[in-house]
Amino acid sequence: MNTRTAPRASPGPRGPRVGLALAGGGPLGATWEIGALCALQDALPGLDLTRLQGYVGVSAGGFIAAALANGMSPRQLCAAFIENDTPQPDDEISPTLFVRPALGEWFERLAMLPALLAQAGTRLVLGRRSLTAAVERLGGVLPTGLFSNHALEARLLRVFSQPGRSDDFRTLRAQGRHLVLVATDLDSGEAAPFGQPGWDTVPISRAVAASAALPGLFPPVRIDGRHYVDGALKKTLHASVLLDDGLDLLIALNPIVPFDATHAEHPRVLGRAGQRIPHLVEGGLPLVLSQTFRSLIHSRLQLGMKGYERSHPGTDIVLFEPDQRDPEMFLANIFSYAQRRQLAEHAYQKTRADLRARRGVLGTALARHGLQLDDAVLDDPERRLLKHQALPRPHRWQSRLARSLKRLEAVLDELDQQLASRVS
């Protein structure tokens, strides 16, 4: 957690203008952000995260920002996305929504194959294209995404259509909640700030799908004749769209950070199979690519934060991130849903630890905006996000072993009884 405070007077009678900026990071990032937001909500009782002046979300952070702006609390998000145990069935965001095959995209691309083969063959025979160019021409038959985003969009439409919520940016703005979901225009490479004036006629559910359409995993989302993909391609945070509104305090969350193996909590990184890895390179290509991706994302964020400090010196900016020495966050699969309960609890406890470690500096900054940390929440060693942790499902061989041991135990008991009867 980083804190940048601006030396200025306390806000006037209107109260502080507080905004929230959420970066992306796939299912892992969404899980971490929900856990961290629950910790912030508990530790800052004077701050209602569903009634802020502004929200900006990118990729996975867009879904959370849209839910908060619609009045869903961090605890409700935890029930809907982490525990899948919510009183309102329509609020449940099941992991299966993210892994529906993009069959329509696959069939549409496959239907193009005959025409592309004919074009490539004709140009090759006539000498207008080399063999390499002809093969490249066939690249148009490859799907632009493996998984469909239609199921997620449809579920979010149901979530945001519940009483008291809205799938319309303009309705939320009329209620005093400025929501911006950033995607990237695939053809121009420019940022698309859905929710800003001129960009606010798009349904919120569709804007979330566009902002989270990571190329290769999800097809681009078509809106008004243009195609949009993940907003993180342009920037990591996109906080300037809120800062330009003159906020007093901006709370930012970024779940993806590079791992510092040289100063880790453990002297060596534990591999997935439990082996010790003295250096990341010994983990092979997956760890090398993960560290590369995380470093690129984080370096852009650091540059952006420095720019925000120069361009908006009158705003206090507080950034929360995972500890770079934490191997559990680094080794977790960024696209995995299976560990979301464990990781949400981990994010909750680590964020509380960050708040405890920085309560002096952070407390001073928050006090300027009428906010105060709840020391009882921070110092309670028994406090948890989840009331109970689900026990991991045993492997098939473990279940068979348990049954075999029970049968063996029954046989031994019977033998003991027979021997006892003979002795007597």
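Residues numbered from 1 in each chain as written. Predicted model: local features only at pLDDT ≥ 70, side-chain atom pairs only at ≥ 80, totals over all residues. Heavy atoms only, no water.

> Before we move on, can you summarise the nonpolar core with the specific residues and values?
Ranked by internal contacts, the top residues of the largest apolar core, which has 81 residues, are Leu 179, Phe 194 and Leu 253. Every residue in contact with Leu 253, bar those within four places of it in the chain, is listed here: Leu 20, Ala 21, Leu 22, Ala 23, Trp 32, Glu 33, Ala 36, Leu 37, Leu 40, Leu 237, Leu 319 and Phe 320. In terms of nonpolar packing, the next biggest core, distinct from the first, is built from 19 residues, Val 241, Leu 250, Ala 252 and Leu 301 among them. (Core = buried A, V, L, I, M, F, W, Y, C linked by side-chain atoms within 4.5 Å. Buried < 20%, exposed > 50% of the residue type's maximum accessible area, 1.4 Å probe, protein only. Contact = heavy atoms within 4.5 Å.)

> Would you mind going over the UniProt feature "short sequence motif: GXGXXG" (unreviewed entry) in the protein in detail, with residue names and values included?
When the UniProt feature table is mapped onto this chain numbering, "short sequence motif: GXGXXG" (unreviewed entry) sits at residues 24–29. Taken end to end, residues 24–29 is 67% helix and 0% strand, and its two terminal C-alpha atoms sit 6 Å from one another. (UniProt positions renumbered as here; feature names shortened; annotations may be inferred. Helix = DSSP H or I, 4+ residues; strand = E, 2+ residues; numbered from the N terminus.)

> I'd like a rundown of the pairing of strand β4 (residues 178–185), residues and numbers included.
Among the 8 residues of β4, 8 are classified as buried, and the element is accordingly described as predominantly covered. By the bridge criterion, 5 bridges tie strand β3 (residues 54–58) to β4 in an arrangement that is parallel. Residue pairing for β4: Val 56 is matched across the bridge by Val 180. With 4 bridges joining them, β4 and strand β5 (residues 191–194) adopt antiparallel strand pairing. Looking across to β5, one finds that Ala 183 is bridged to Ala 192. Remark: 5 residues form the turn of the hairpin made by β4 and β5, two consecutive strands paired antiparallel; Gly 189 in that turn has positive phi of roughly 75°. Of the strand pairs in this sheet, β4 and strand β7 (residues 226–230) are connected by 3 bridges, and their pairing is antiparallel. Looking at β7, one finds that Asp 185 is bridged to Tyr 228. (Pairing = 2+ DSSP bridges.)

> Give me the packing of helix α3 (residues 74–82) against helix α13 (residues 340–357): which residues, what numbers.
A pair of packed helices is captured by two measures, namely the crossing angle of their axes and the spacing between those axes. The contact between α3 and α13 brings their axes to 10 Å, and the two run at 155°. Between α3 and α13, the crossing angle belongs to the class labelled roughly antiparallel. Considering how the two elements wind past one another, α3 and α13 form a crossing that is right-handed. Touching Arg 75, Phe 81 and Ile 82 of α3 are Arg 340, Arg 341, Ala 344 and Tyr 348, all from α13. Looking at the contact of α3 with α13, its residues break down into 4 nonpolar, no polar and 3 charged. (Axes fitted to C-alpha atoms, helices over the stretch in contact; angles between N-to-C directions. Parallel < 35°, antiparallel > 145°, perpendicular 65-115°, else oblique. Left-handed = near helix turned anticlockwise from the far one by under 90°. Nonpolar A, V, L, I, M, F, W, Y, C, P; charged D, E, K, R; others polar.)

> Give me the side chain of Asp 316: which residues, what numbers.
For Asp 316, the location among the structural elements is in strand β11 (residues 316–320). With relative accessibility at 0%, the residue Asp 316 sits in the buried group.

> Residue-level account of the UniProt feature "active site" (unreviewed entry) in the protein, with values.
The residues that UniProt annotates with the feature "active site" (unreviewed entry) are Ser 59 and Asp 230. The largest pairwise C-alpha distance within this set of annotated residues, which runs over 172 residues, is 5.7 Å, so the set is compact in three dimensions. Inspection of the secondary structure assignment puts Ser 59 in the loop between β3 and α2 (60–69). Residue contacts for Ser 59: discarding those within four places in its chain leaves Gly 24, Ser 211, Ala 212 and Asp 230. Mapping Asp 230 onto the fold places it in strand β7. Among all residues touching Asp 230, those that are not within four sequence positions of it are Val 58, Ser 59, Ala 183, Thr 184, Ala 210, Ser 211, Ala 212, Ala 213, Leu 214 and Pro 215. Here the side chain of Asp 230 touches Ser 59 through a polar contact of 2.9 Å, side chain to side chain. (Polar contact = N/O pair within 3.5 Å; in protein donor to acceptor, adjacent residues only side chain to side chain.)

> Lay out a nonpolar patch on the surface in plain terms, naming residues and giving numbers.
A cluster of nonpolar side chains, contributed by Leu 103, Trp 106, Phe 107, Leu 110 and Leu 146, occupies part of the molecular surface with about 500 Å² of accessible area. Position of Trp 106 relative to the elements: it lies in helix α4 (residues 103–111). (Patch = residues over 30% accessible without salt bridge, like charges linked within 9 Å, V, L, I, M, F, W, Y side chains within 5 Å. Areas by Shrake-Rupley, 256 points an atom, 1.4 Å probe, with all protein chains shown as cover. Salt bridge = Lys/Arg side-chain N within 4 Å of Asp/Glu carboxyl O.)

> Talk me through the environment of Arg 368; I want residue IDs and the actual numbers.
Structurally, the position occupied by Arg 368 is in the loop between α14 (359–367) and α15 (375–379). You can call Arg 368 buried: its relative accessible area is 19%. When the C-alpha atoms of Arg 368 and Leu 249 are compared, they prove to be 9.5 Å apart, with 119 residues separating the residues in sequence. Polar contacts involving the side chain of Arg 368 include one to the side chain of Asp 316, which spans 3.1 Å.

> Summarise the packing of aromatic side chains; cite the residues concerned and give the values.
Summed over the entire model, instances satisfying the criterion amount to 5 aromatic pairs. Ring centres 6.3 Å apart and planes at 55° place the aromatic pair Phe 147 and Phe 218 in the tilted group. Pair noted here: Phe 147 is in the loop between α6 (131–137) and α7 (150–160) and Phe 218 is in the loop between α9 (204–211) and β6 (221–223), with a separation of 71 residues, a long-range link. The class of Phe 147 is partly exposed, set by a relative accessible area of 25%. Ring pairing ties together the aromatic residues Phe 194, Trp 199 and Tyr 228, which thus form one cluster. (Phe/Tyr/Trp six-rings, centres within 6.5 Å; stacked < 30°, edge-to-face > 60°.)

> So what about the pairing of β7? Which residues, and what values?
Pairing of β6 with β7 involves 3 bridges; the strand directions are antiparallel. Note that in β7 the partner of Ile 223 across the bridge is Arg 226.

> Just give me the short version of helix α11 (residues 285–311), but keep the residues and values in it.
Residue pairs spaced three or four apart in an α-helix point in one direction, given the helix's 3.6 residues per turn. End to end, α11 covers 39 Å across 27 residues, agreeing with the expected 39 Å (1.5 Å per residue, within 8%). Turning to α11, its buried residues are Leu 287, Ser 290, Gln 291, Arg 294, Ile 297, His 298, Leu 301, Met 305, Gly 307 and Tyr 308. (Expected span 1.5 Å × (residues − 1).)

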